[in-house]
Each structure stands twice: as structure tokens, then as C-alpha cells.
Amino acid sequence: MELASPASVSLLLLLCLCCMVLTVAWKRPYHRGQLPPGPAPLPLLGNFLQLDRKDVIKSLKKMRKRYGPVLTVYLGSRPVVVLCGYKAVKEALVDQAEQFSGRAEIPAFSKDFNGHGVVFANGDRWKQLRRFSLTTLRNFGMGKRSIEERIQEEVQCLLEELQKTKGAPFDPIFNLSRAVSNVICSIVFGNRFDYEDEKFIALNKLIFKRFRAAGLTSAQLYNTFPGILEKIPGPHHMGSKCSQEIISFISERIKMQQATVDLNDPQNFIDCFLVKMEEEKQNPATEFSLENLVMGTFNLFFAGTETISTTLRYGFLILLKYPQVQAKIHQEIDAVIGRERIPTMDDRHKMPYTDATLHEIQRFSDILPMSLPHMTTRDTWFREYLIPKGTYVYPLLNTVHFDPEEHRNPEDFIPERFLDANGCFQKQNAFMPFSAGKRVCLGESLARMELFLFFTAVLQRFVLSSPVDPSRLSLVPDVSNLGKVPPRYQLCLLRR
Ligand code: HEM
């Protein structure tokens, strides 16, 4: 019998090795607890080929039809538990709040944070930063009168700016983002910026670009294969470049404030953090570090700008599409506020139709359709599944907002769903634009205040119209993955 050549033995060994590696890679995920069902993953690729990178949510919703409202999908070799519909999301985020309160990475976005700042922190760091941020925002008037006045001042500046358009069509994107951004700037940095300030304009463009980039196909690719894509040049690095520019702006501001702060009389969020850093400087395990200050400021600044301005922009587009809704809001404004004085928060509970419309805008625009990704903080029994500690969890808020078991004709824009038979405002369970549970949006009350004051003030002053026929306006988002971005459009404002 002829002996095998060394080359063929090596080839055979190599083949055996490949088979072993593939078998291990193939089998490994199934040993991770008793995860919910889902499509069979390919070794290393996971379910990559089954996910539409342009619309991940659509693919997940398709899988839900087959596997049920709690399913597992593999991003590369990482299992992600996906929660669909109001019941599953509420059971996890609210009823088992502690277990689902961890934050997962979104590599294309979180890599620049390295676990610093409240949004991407976990464990004790997150608890300390969240408590500090909430208290400090509250002390600077969030939910109090002073911040209401601050927003009203900014509303006046915005109205003056909008007045300058004199009825000509314009894209409202940066007018809105600069006004909204100024509110959070005054809380975080202690000052607003002139709308013509070049750095401020550039910063707002960067924030928009950063938000949009997080939803692009290239970011989804990066999120699935971060190790490989980090080493390859390409468009997936664009978002990170924007983040780096925003970080350097914030670092510069912090340096300036460090030089001038009066630790006995802090004036804004950054000052308060600097006081805390000083108090804890002997504590080697302190979380009040420069990294957490820079990233925490970035979190507030970014979250406080893009979310609210995107919602307003979507809201105004929806009103262009449905002029009858706009007419009803005009009527309510005239009846409750009149045309002279500026809107206040006390007006809201007397304006159920406007309140209902704002809720419907938030439900329908659904700007963070997957919320931010969560992670289990311990091995967790959920329904009949055992989800191991550290498993990523996507609560699909989109499936809460468009849950047919909770909302009649969820695809339609119907403000009346938030009104009872007497025309009074009526809450809906399946309304979670700020998410729910322990990670619920930290800026919710500030956001709700800004949405109401900016929205009603613009409508009190102007009639919104579109240079194209409403029937030709599309409400389909331009990008819909991590964030939803409404299509660009032209707006005409006619003084009332
Ligand atoms: C319309 C406006 C807004 C919407 C729709 C919104 C929505 C959200 C959502 C869905 C989350 C994820 C919650 C989760 O992990 O389950 C979140 C987190 C967060 N939001 Fe907002 N947000 C808005 C405005 C704001 C504002 C104005 C601020 C800042 C003052 C802010 C600061 C934050 C922070 C810091 C977190 C992270 C909380 C944590 O991880 O503990 N947001 N927001």
C-alpha cells in the first residue's frame, strides 16, 4: 500500500481543523442558556444575510411572524434577543427592570465613548452618573419655572428667525436644530449661541450627520463585524469622525470652564461636575473623571438636540400632509392662548387636541425605533427562556408604537386615538418614545416641555404650507435603523 504524501496529510489535517472550527462556531451559540427561537445562524456570519441592512426593523418584523414576539437573531456570532410588541417590551423593561437595565454596545456609535458617559456606562458608573445628571438637570430648572422661561426666550429667537423667511420655501432642518440645541447648551455650558455663529452652525451639522450616519448600511455592517471593519478604511468611519470633532469642541469648552469656574457658585452642568471632581479627587475609584465629564456632556448635548429637532421636523411635515389637523390646532390655540401672549406649560392641559397631536406625532415618527440596545445584567428567566447575563437585548419600540393589538389602524396618523369620548386627553399604554424602565430617557420632561412650547408657538404665529401638493408629500423616513430621519422637505410660513 502506498504511503500518503506529507502534502496530502497536511491538507487532510487542515480540512479536519476547519471542520472542527466550523462545528464549534456553529454549535457555540446553542449552548448559551435557553435563548428564544430564531433563524438558524451561519457560522461567524450569524443571520447577517437575512437582515436587510437598509431596514433592519423590517427584517426583524418578518422574523417575528415566524418565531413569535421574543426571538433571537445573531449579529455575526453574537446573539441578540429581540422583543416585539407592547406586552413583551413592557414585561422586560418594566416588570424585570433591573435585569434588563444594562447597556449594550452599538460599536459604530459607542466605540468613541469606551464605556464613559451615562448613555454607554454600566454598573456602578452608570448609577452614579445617572443620579448626578438627573439631580443636576433638575437643579438647573428641568421641570421648573426657570427652564420654561429659558425655552420661551429661545422660542422668541426662533420666531424672529422664521419671520425672516417671509413666506418663501425653506428647509427648516437647521433653524429648528439650532433653537433646540441652544436650550441644552444653556443648561450644559451656561450660554446660548448666536444662530449665525459659525462654530455653532458647524456643530449642528455634525450632530445631524452623526445621527444620520448611525442608521446607514455601513454602520450596520460595522456593528456586525466591528473587529474586521475597524481595520478597513471606508464610509463606516464617517460617524466616528463626526463624534471626534464634537468631542474636541466639548473638551475645549471644558478646558475654558475649568480655568474660570467658581467652585462655590457653579452655574451650569459642567461647573457642577467640576465641583464633584474636586470633592472626589482623593477617591481613586471616583467616577467623576474628565472622560466621564466629556462623554456625559456629549450625551446630553447630542440627545438634547437631535431627538427633539427631529421630532419637530417630522411633526411639521405631518401637518403639511394633514392640513385639517393643523386647522384644529389653530382653533385650539386661538381659543386657549389667543394671538398675543406666548404659550406656557399651564396651557397644555387646557389643549387636549394639541397634546393628543403631539403624542401622535411622537408615536408615528417613532424616531428611535429600536430604542438604544439593552443588555441583561444577570442570568434572567424571561417567559420560558433563560437569557444569560451580558446578552444584548433590542426592545423594538417600533413594534410598540405600531402594535395592532394596542392601536387601531396603527399605520394611520390619528390624533384622536389620544382623546376619550369627551374630547379629553387619554393616555395609551403602548406609547414609549422615551422607552421605559430604569434606562428610560433622562431628558423626558425637558423634551416634553420643549416640544409643546416650540410647536405651539410656531403654530400660533404661522400657517404652515407646502410648495408641493400635500398628496405628493411622503412621510416615509429617509433613514430608518437605529434612528429614523424624516425626508427633507420645503416649508412655507405665512404669518397668521
Ligand atoms: C423627543 C425627545 C427625546 C426622545 C424621543 C428620547 C428618547 C430616548 C430613548 C428611546 C432613550 C433610550 C432609553 C433606553 O435605553 O431604553 C433615551 C435615553 C437617553 N436620553 Fe433621551 N430622548 C429625547 C430627549 C432627550 C433629551 C432632551 C435629553 C437630555 C437632556 C436626553 C437624554 C438622554 C440620556 C442621557 C439617555 C440615556 C439614559 C441612560 O442610559 O440611563 N434625551 N432617550
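Up top is the structure.
Residues numbered from 1 in each chain as written. Predicted model: local features only at pLDDT ≥ 70, side-chain atom pairs only at ≥ 80, totals over all residues. Heavy atoms only, no water.

**Q** Would you take a moment to explain the packing of helix α5 (residues 123–139) against helix α12 (residues 269–279) for this structure?
**A** Each pair of packed helices gets described by two things: the angle between the helix axes and the distance between those axes. At a closest axis distance of 10 Å, the pairing of α5 and α12 adopts a crossing angle of 130°. By the angle class used here, α5 and α12 are oblique. When you trace α5 past α12, the crossing you get is right-handed. Here Leu 129, Phe 132, Ser 133 and Thr 136 of α5 come into contact with α12, specifically with Phe 269, Cys 272, Phe 273 and Lys 276. Counted by class, the contact of α5 with α12 contains five nonpolar, two polar and one charged residues. (Axes fitted to C-alpha atoms, helices over the stretch in contact; angles between N-to-C directions. Helix = DSSP H or I, 4+ residues; strand = E, 2+ residues; numbered from the N terminus. Parallel < 35°, antiparallel > 145°, perpendicular 65-115°, else oblique. Left-handed = near helix turned anticlockwise from the far one by under 90°. Contact = heavy atoms within 4.5 Å. Nonpolar A, V, L, I, M, F, W, Y, C, P; charged D, E, K, R; others polar.)

**Q** Help me out: how do you make sense of the packing of aromatic side chains in this one?
**A** The description of two aromatic rings rests on the distance between their centres and on the angle between their planes. Applying the stated criterion to the full structure yields 24 aromatic pairs. Ring centres of Phe 132 and Phe 269 lie 5.6 Å apart, and the angle between their planes is 65°; this geometry places the pair in the edge-to-face category. Linking Phe 132 in helix α5 with Phe 269 in helix α12, this pair joins segments that are 137 residues apart in sequence. For the pair Phe 132 and Phe 269, one class covers both residues: buried. Here the aromatic rings of Phe 193 and Phe 200 are separated by 4.8 Å at their centres, their planes lie at 15°, and the arrangement is stacked. Each member of the pair, Phe 193 as well as Phe 200, carries the same accessibility label: buried. Grouping aromatic residues by their ring pairs yields a cluster made of Phe 109, Phe 113, Phe 120, Phe 211, Phe 298 and Phe 302. (Phe/Tyr/Trp six-rings, centres within 6.5 Å; stacked < 30°, edge-to-face > 60°. Buried < 20%, exposed > 50% of the residue type's maximum accessible area, 1.4 Å probe, protein only.)

**Q** Explain the pattern of salt bridges here, please?
**A** Note on pairing: side chains with opposite charge can pair once their charged atoms come close. Going through the model one piece at a time under the given rule, you end up with 23 salt bridges. Between Glu 98 and Lys 127 there is a salt bridge whose closest N-O contact spans 4.0 Å. Pair noted here: Glu 98 is in the loop between α3 (85–95) and β3 (102–103) and Lys 127 is in helix α5, with a separation of 29 residues, a long-range link. For Asp 366, the salt bridge goes to Lys 484, with nearest N and O atoms at 3.1 Å. Taken together, the residues span a long stretch of sequence, with Asp 366 in the loop between α15 (352–365) and β4 (374–375) and Lys 484 in strand β10 (residues 484–485) at a distance of 118 residues. Lys 484 gets classed as buried once you look at its relative accessible area, which sits at 7%. Three or more residues joined by partner-sharing salt bridges are found here, namely Arg 150, Glu 153, Glu 154 and Arg 192. (Salt bridge = Lys/Arg side-chain N within 4 Å of Asp/Glu carboxyl O.)

**Q** Mind showing me how you'd approach the environment of Lys 65 here?
**A** In this structure, Lys 65 sits in helix α2 (residues 56–67). Remark: the alpha-carbon pair of Lys 65 and Gly 443, spanning 378 residues in sequence, is separated by 34 Å.

**Q** Mind showing me how you'd approach a positive patch on the surface here?
**A** Together, Lys 58, Lys 61, Lys 62 and Lys 65 line one region of the surface with positive charge. Note on placement: Lys 62 falls in helix α2. For Lys 62, a relative accessible area of 61% corresponds to the exposed category. (Patch = residues over 30% accessible without salt bridge, like charges linked within 9 Å, V, L, I, M, F, W, Y side chains within 5 Å. Areas by Shrake-Rupley, 256 points an atom, 1.4 Å probe, with all protein chains shown as cover. Lys, Arg positive; Asp, Glu negative; His and termini not counted. Charge placed at Lys NZ, Arg CZ, Asp CG, Glu CD.)

**Q** Honestly, the pairing of strand β1 (residues 70–75) in this entry has me stumped. Any pointers?
**A** Counting buried positions over the six residues of β1 gives six, a clear majority of the element. Here β1 shows a buried face lined by Val 70, Thr 72 and Tyr 74 and a second buried face lined by Leu 71, Val 73 and Leu 75. One ladder, built from six bridges, connects β1 with strand β2 (residues 78–84); its direction is antiparallel. Within β2, the residue paired with Tyr 74 across the bridge is Pro 79. Taken together, β1 and the strand that follows it, β2, pair antiparallel across an intervening segment of two residues, in which Gly 76 is found at a positive phi of about 60°. (Pairing = 2+ DSSP bridges.)

**Q** Help me understand the coordination of the iron atom of the ligand, please; the structure alone is not making it clear to me.
**A** The reference angle at a metal is 109.5 degrees if four donors form a tetrahedron and 90 or 180 degrees if six donors form an octahedron. Looking at the protein side alone, the iron atom of the ligand has one donor only, Cys 441 (SG), at 2.3 Å. For Cys 441, the position within the fold is in the loop between α16 (397–401) and α17 (444–461). (Donors = N, O, S within 2.8 Å, 3.2 Å for Na, K, Ca; no water.)

**Q** In this structure, what is going on with helix α8 (residues 198–213)? I would like to understand it.
**A** Because an α-helix completes one turn every 3.6 residues, residues spaced three or four positions apart along the sequence face the same direction. With 16 residues, α8 ought to run about 22 Å at 1.5 Å a step, and its terminal C-alpha atoms sit 22 Å apart, in line with that. For α8, every residue scored as buried is listed here: Phe 200, Leu 203, Asn 204, Leu 206, Ile 207, Phe 208, Arg 210, Phe 211 and Ala 213. The inward-facing, buried residues of α8 abut α4 (107–110), α7 (173–188), α9 (217–224), α11 (238–260), α13 (290–321) and β10. (Expected span 1.5 Å × (residues − 1).)

**Q** Which parts of the structure should I look at to understand the packing of α7 against α17?
**A** Where α7 contacts α17, the axes come no closer than 11 Å and their chain directions differ by 140°. As summarised for this structure, α7 and α17 are arranged oblique, according to the angle between their axes. As for how α7 packs across α17, the hand of that crossing is right-handed. Counted together, Ala 179, Val 180, Val 183, Ile 184 and Ile 187 of α7 and Leu 446, Glu 450 and Phe 454 of α17 form the full contact between these two elements.

**Q** I keep staring at the pairing of strand β7 (residues 392–396) and nothing clicks. Help me out?
**A** Taken residue by residue, a regular strand's side chains alternate between the two faces of the sheet. Judged by how many residues are buried, β7 sits mostly within the fold: five of five residues are covered. Burial along β7 is two-sided: the face carrying Tyr 392, Tyr 394 and Leu 396 and the face carrying Val 393 and Pro 395 are both buried. Where β2 meets β7, five bridges bridge the pair, whose relative direction is parallel. The residue bridging Val 81 from the neighbouring strand is Val 393, located in β7.

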